[in-house]
Amino acid sequence: MNHTSQHFFTSAGTGLSPAHEMLKEEHEVDVLAATRGPAAPVRSTVINIRSETSVPDHIVWSLFNTLCMNWFCLGFVAFAYSVKSRDRKIVGDVIGAQSYASTAKCLNICALLLSLLLTVGAVILLATGALISMEAVSRMVHHLDGN
């Protein structure tokens, strides 16, 4: 290895702080520039660091579906996928986090729609059942009073 090559990875086992390692690298670059002389062209490298992409994990929505409207356990499954999405996001796997978040979103939508439909259906059945039973009781009372 020659003296003008630079290390891309810093050594993790040295125990030096990142700021100290950065200062050390800057010093090495200054020393290398001084040894080349003023006639050497200056080369610069630009590294674009992406900011963290926001991946919604839908964990609150999944928790709501798990606790409040969990007819087919879809809310619980969506909650599991939301937790997996959050884990992938913490690790830095943005694509995996987006995949799990998309699955959690679809499961939350299905859980919400099924829960709303079944709740409305149950209310309608209870209302019609109450009306039918009230009608039957009134006929029974009317029939007993008539005889």
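Whatever comes next refers back to the structure up there.
These numbers were taken from a predicted model, which means no experiment stands behind them.

K.L.:
Now, about the packing of helix 2 (residues 59-67) against helix 4 (residues 94-146): what can you tell me, with residues and values included?
P.N.:
Relative orientation of the contacting elements helix 2 and helix 4 amounts to 35°, with a least axis distance of 10 Å. In the crossing of helix 2 with helix 4, the sense of the turn from one axis to the other is left-handed. Facing Trp61, Ser62 and Asn65 of helix 2, the residues of helix 4 in contact are Lys105, Asn108, Ile109, Ala111 and Leu112. Taken together, the residues of the contact of helix 2 with helix 4 break down into 4 nonpolar, 3 polar and 1 charged.

K.L.:
Explain helix 3 (residues 74-91) to me, using residue names and the numbers behind them.
P.N.:
End to end, helix 3 covers 26 Å across 18 residues, agreeing with the expected 26 Å (1.5 Å per residue, within 8%). All buried positions along helix 3 are accounted for by Gly75, Ala78, Ser82 and Ser85. Viewed along the axis of helix 3, the buried residues span an arc of 75°, placing them on a single side of the element. Exposed positions of helix 3 whose direction lies more than 90 degrees from the buried face are Phe76, Ile90 and Val91. Those residues of helix 3 hidden inside the fold are in contact with helix 2 and helix 4.

Each value, and the rule that gives it
- Residues numbered from 1 in each chain as written.
- Predicted model: local features only at pLDDT ≥ 70, side-chain atom pairs only at ≥ 80, totals over all residues.
- Heavy atoms only, no water.
- Axes fitted to C-alpha atoms, helices over the stretch in contact; angles between N-to-C directions.
- Helix = DSSP H or I, 4+ residues; strand = E, 2+ residues; numbered from the N terminus.
- Left-handed = near helix turned anticlockwise from the far one by under 90°.
- Contact = heavy atoms within 4.5 Å.
- Nonpolar A, V, L, I, M, F, W, Y, C, P; charged D, E, K, R; others polar.
- Expected span 1.5 Å × (residues − 1).
- Buried < 20%, exposed > 50% of the residue type's maximum accessible area, 1.4 Å probe, protein only.
- Arc of directions from axis to C-beta.

These results come straight from atomic positions and should not be treated as a statement about function.
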